[in-house]
Amino acid sequence: MVKKKLVISFPPRLIQEPVTYHLIRDYDLQVNILRATVRPRERGRMVVEIKGEKKNLDRAFEYMESVGLQVDPLVQEMRYYPERCVHCTACTAVCPTEALTVDPASRELVFDASHCIICESCIPACSYAAIESQF
Amino acid sequence: MLRTIDEINAKIKTGKVVVYTAEEVVGLVKEKGVAQAAREVDVVTTGTFGPMCSSGAYFNIKQSTPKIKCGGGRVSLGGVPVYAGWAAADLYLGCTALPDEDPRNAVYPGLFKYGGAHVIEDLVSGRKVKLTAQAYGTDCYPRKEYVTELGLADFNSAVMFNPRNGYQLYNVAVNLGERTIYTYMGVLRPRLGNANYSTAGSLSPLLKDPQLRTVGLGSRIFMGGAEGYVVWPGTQHVPEPQRDANGLPLTPSATLALMGDLKQMSPRFLRAASFTGYGATLSVGFGLPIPVLDEQVMAQAAIGDEEITYPIIDYCEAYPLGRPGSLGRVSMAELMSGQIEVEGKKVPTGGLASRARAREVAGELKERIAQGRFFLTRPVAPLPGAQLIEG
């Protein structure tokens, strides 16, 4: 089994495409939708966690590309700027998934993008603009 | 008496001084005991780095030709209004000041992306800011409008003067209400969603000399990367707080008014902050050297994170309405573990002051003393409620 967090972007013409249905039904994948925004006549974006056999995942990627969806790894969506961060750690108390934690020895902030679900709770909590959302 | 300030300064000069940070002496005293540690160590350095809203700087600008009298006029730096109610060319910029056009909390919660603190950070980072002045004009100062761009070096003087810094003891903030609130203690989630604290704990300057036996008016300090001085008790200084067995305050207590040369400061230790829904403020790096004049100084400087406790206060109702009492006390060690228990509920904790940067302040001050670049001063007067050790 392979697990991946992805951002799927829909151009306006594909907003009606039942992507989640195909991923589950045709490729036997577990799909966990973490976040989605759809604006008619603009683009739609969906953050998903997908789990399944590697060969099925590969075929699902081929399918998404063939219909014209843009698929990106999740990492790029929340950007952490360590040079702006002062390591106050205010963000760690509002992060629901422990993507933001404190190193107990150095007392510095640690951002683990693989745990991030782009809930953006950290953004108003950060007073130094050290985290930005590209979502 | 183990040693005097003069003896310590003589050792700094010859490079023989022994300096530990306030974190390091905690372990040293556990290992060797107070008496031995006090004999070995001459100076303990402390540090803190966190938002301190009562901060700002005054400036003196070079005169234009013809001359202008800013006093009684309207002046802004970087688009942020400054106080000009002095003579012709003196200005004060507070770190929480905002441009007139900032929507503040009209669009709630406000973002406060640029205020006085950001102007100060721009200047110490080497960037120029725009000065605009409107004056009424006099026979000796006829000019009525003046617009120019100024960098830090262009001012005759630029002095950081903070009426209240270095709070000895601060609250842990929680929210018992039903909606998210935006405070100077950060974003507080409803129903005890998080608990925020703002202290350097066992590195915190005034907590390591809790009865102010070595610090007073005239103490030389580390301020924003430069040398500064304690110039007065801070506003809201409380001379006689309740204390625990270690002499640590249990209730609001000491504060300091600090001054230093802004031109010598560094953006590493002065950072503008934008508190969502609250305002702009300045995070200041401040460190105090504590001379180990007797064993009690060492005993108190070695108090660890487990022994320092803070009151937990509800910022939804109790704080804004000024209700007395707290929801209990927690130690710095518990706060640093990432989770505390309040009213039977496990609550995640977040900081506002940076322990990592506080460590850097204490470490930098230690290095400067050890390398003979920073000498200690004997205070000229105690802070209210305190008694200085002779020495």
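What counts, and where the lines are drawn
- Residues numbered from 1 in each chain as written.
- Chains lettered and ligands numbered in written order.
- Predicted model: local features only at pLDDT ≥ 70, side-chain atom pairs only at ≥ 80, totals over all residues.
- Heavy atoms only, no water.
- Helix = DSSP H or I, 4+ residues; strand = E, 2+ residues; numbered from the N terminus.
- Rg over C-alpha atoms; globule rule 2.2 N^0.38 Å.
- Buried < 20%, exposed > 50% of the residue type's maximum accessible area, 1.4 Å probe, protein only.
- Contact = heavy atoms within 4.5 Å.
- Areas by Shrake-Rupley, 256 points an atom, 1.4 Å probe, with all protein chains shown as cover.
- Lys, Arg positive; Asp, Glu negative; His and termini not counted.
- Charge placed at Lys NZ, Arg CZ, Asp CG, Glu CD.
- Domains from an automatic or database assignment.
- Buried area = accessible area lost by both parts, 1.4 Å probe.
- Salt bridge = Lys/Arg side-chain N within 4 Å of Asp/Glu carboxyl O.
- Polar contact = N/O pair within 3.5 Å; in protein donor to acceptor, adjacent residues only side chain to side chain.
- Nonpolar A, V, L, I, M, F, W, Y, C, P; charged D, E, K, R; others polar.
- Pairing = 2+ DSSP bridges.
- Axes fitted to C-alpha atoms, helices over the stretch in contact; angles between N-to-C directions.
- pLDDT = per-residue confidence, 0-100.

Novice: Help me understand the overall build of chain B in this model?
Specialist: Summing up its helical and strand segments, chain B has seven helices and 26 strands in all. For chain B, the C-alpha radius of gyration of 22 Å lies close to 21 Å, the compact-globule estimate for 391 residues. Overall, chain B is about 70 × 60 × 30 Å in size when its C-alpha atoms are taken along their principal axes. Here chain B, with 391 residues, has 56% of them falling under the buried criterion.

Novice: What exactly am I supposed to notice about the overall build of chain A here?
Specialist: For chain A, the count of helices and strands is three helices and eight strands. If one aligns the C-alpha atoms of chain A with their principal axes, the spans along those axes are about 45 × 35 × 20 Å. Relative to its full complement of 135 residues, chain A shows a buried share of 43%. The long-range fraction of contacts in chain A, counting pairs at least 24 apart against all pairs at least 6 apart in sequence, stands at 66%. With an accessible surface of roughly 7,200 Å², chain A has 49% of that area assigned to carbon and sulfur atoms. In chain A, 17 side chains carry a positive charge and 18 a negative one; their mean positions are 4 Å apart.

Novice: Help me understand the domain arrangement of chain B in this model?
Specialist: How large an interface is tends to be reported as the accessible area lost when its parts come together. All names here are of chain B. The domains assigned to chain B are domain 1 (5-52 + 166-381) and domain 2 (56-160). Here the C-alpha centroids of domain 1 and domain 2 sit 31 Å apart. Across the boundary between the two partners, domain 1 contributes 27 residues, which contact 28 residues of domain 2. A per-residue breakdown of the area domain 1 buries against domain 2 is headed by Leu262, Lys263 and Ala280, which together make up 32% of the total. At the junction of domain 1 and domain 2, the tally comes to one salt bridge. Seen at the junction of domain 1 and domain 2, the total is ten residue pairs in polar contact (both at pLDDT 80 or more). When residues of the side of domain 1 that touches domain 2 are traced back to their parent elements, those giving at least two are β18 (256-261), β19 (270-275) and β20 (279-287). Classifying every residue of the side of domain 1 that touches domain 2 gives 15 nonpolar, eight polar and four charged.

Novice: Help me understand the sheet that holds strand β1 (residues 2-10) of chain A in this model?
Specialist: Strands belonging to one sheet form pairs held by backbone hydrogen bonds; the direction of such a pair is parallel or antiparallel. Residues and elements named next belong to chain A. Spatially, four strands are ordered β2-β3-β1-β4 in an open sheet, and the strand pairing comes out antiparallel. This sheet does not close on itself; its edge strands, each paired only once, are β2 (30-38) and β4 (70-73). Each strand of the sheet is rotated relative to its neighbour by a mean of 25 degrees, with strand direction disregarded. Taken together, the nine bridges between β1 and strand β3 (residues 44-52) define a ladder with antiparallel strand orientation. Among the inter-strand pairings, serine 9 is bridged to a residue of β3, identified as arginine 45. The sheet strands contacting helix α1 (residues 19-27) are β1, β2 and β3, and the helix crosses β2 at an angle near 175 degrees. Running over the sheet, helix α2 (residues 54-67) touches β1, β3 and β4 and is turned about 10 degrees from β1.

Novice: So what exactly am I meant to see when it comes to the sheet that holds strand β23 (residues 329-331) of chain B here?
Specialist: Residue and element names in this part refer to chain B. The sheet built from six strands is open, its strands ordered β23-β22-β11-β14-β25-β24 with mixed pairing. Single-partner strands in this sheet number two, and they are β23 and β24 (339-342). Neighbouring strand axes in the sheet, compared pairwise and without regard to direction, differ in orientation by 35 degrees on average. Note that strand β14 (residues 195-197) and strand β25 (residues 345-351) share three bridges and pair parallel. When the sheet's bridge partners are listed, asparagine 196 is paired in β25 with glycine 350.

Novice: What is the right way to look at the environment of Leu203(B) in this model?
Specialist: Residue and element names in this part refer to chain B. Relative to the helices and strands, leucine 203 resides in the loop between β14 and β15 (216-217). For leucine 203, a relative accessible area of 0% translates into the label buried. Taking the C-alpha atoms as reference points, leucine 203 and valine 231, separated by 28 residues in sequence, lie 22 Å from one another. In this structure, leucine 203 is in contact with Ala22, Glu23, Thr46, Gly47, Lys208, Arg355, Ala358, Arg359 and Ala362, ignoring residues within four places of it in sequence.

Novice: For this particular structure, what's the right way to read the interface of chain B and chain A?
Specialist: Counting residues at the interface gives 26 residues for chain B, matched by 21 residues for chain A. Together chain B and chain A conceal approximately 1,700 Å² of surface at their shared face, both sides included; 46% is due to carbon and sulfur atoms. Taken as a group, Arg189(B), Arg271(B) and Ala356(B) account for 25% of the area that chain B buries against chain A, more than any other trio of residues on that side. Where chain B meets chain A, there are zero salt bridges. Scanning the region where chain B abuts chain A turns up 13 residue pairs in polar contact (both at pLDDT 80 or more). Listing elements by their share of the side of chain B that touches chain A, those giving two or more residues are β14, β19, β25 and α7 (355-370) of chain B. Class assignment for the residues of the side of chain B that touches chain A results in eleven nonpolar, ten polar and five charged.

Novice: Would you explain the pairing of β24(B) in this entry?
Specialist: Regular strands have side chains that alternate between both faces of the sheet. All names here are of chain B. Residues Ile340 and Val342 of β24 are buried on one face, while the alternating residues Gln339 and Glu341, pointing to the opposite face, are not. Two strands pair when backbone bridges link them, and β24 and β25 are joined in this way by four bridges, in the antiparallel orientation. Within β25, the residue paired with glutamate 341 across the bridge is lysine 346. Counting the residues that bridge the hairpin from β24 to β25 gives two residues, and of these glutamate 343 lies at a positive phi of roughly 50 degrees.

Novice: Sorry, what's going on with the confidence of the model for chain B here?
Specialist: A low pLDDT means the predicted coordinates there should not be read in detail. Looking at chain B, pLDDT values average 98 and 100% of them are 70 or higher. For this predicted complex, the interface score ipTM comes out at 0.96, alongside a pTM of 0.93.

Novice: Could you clarify how one ought to interpret the environment of Val230(B) in this entry?
Specialist: All names here are of chain B. Relative to the elements of secondary structure, valine 230 occurs in strand β17 (residues 226-233). Judged by relative accessible area, valine 230 falls into the buried class, the value being 1%. Separated by 17 residues in sequence, valine 230 and arginine 213 place their C-alpha atoms 14 Å apart. Sequence-distant contacts of valine 230, that is, excluding residues within four places in its chain, are made with Val215, Gly216, Leu217, Gly218, Ser219, Ile221, Leu256, Ala257 and Leu258.

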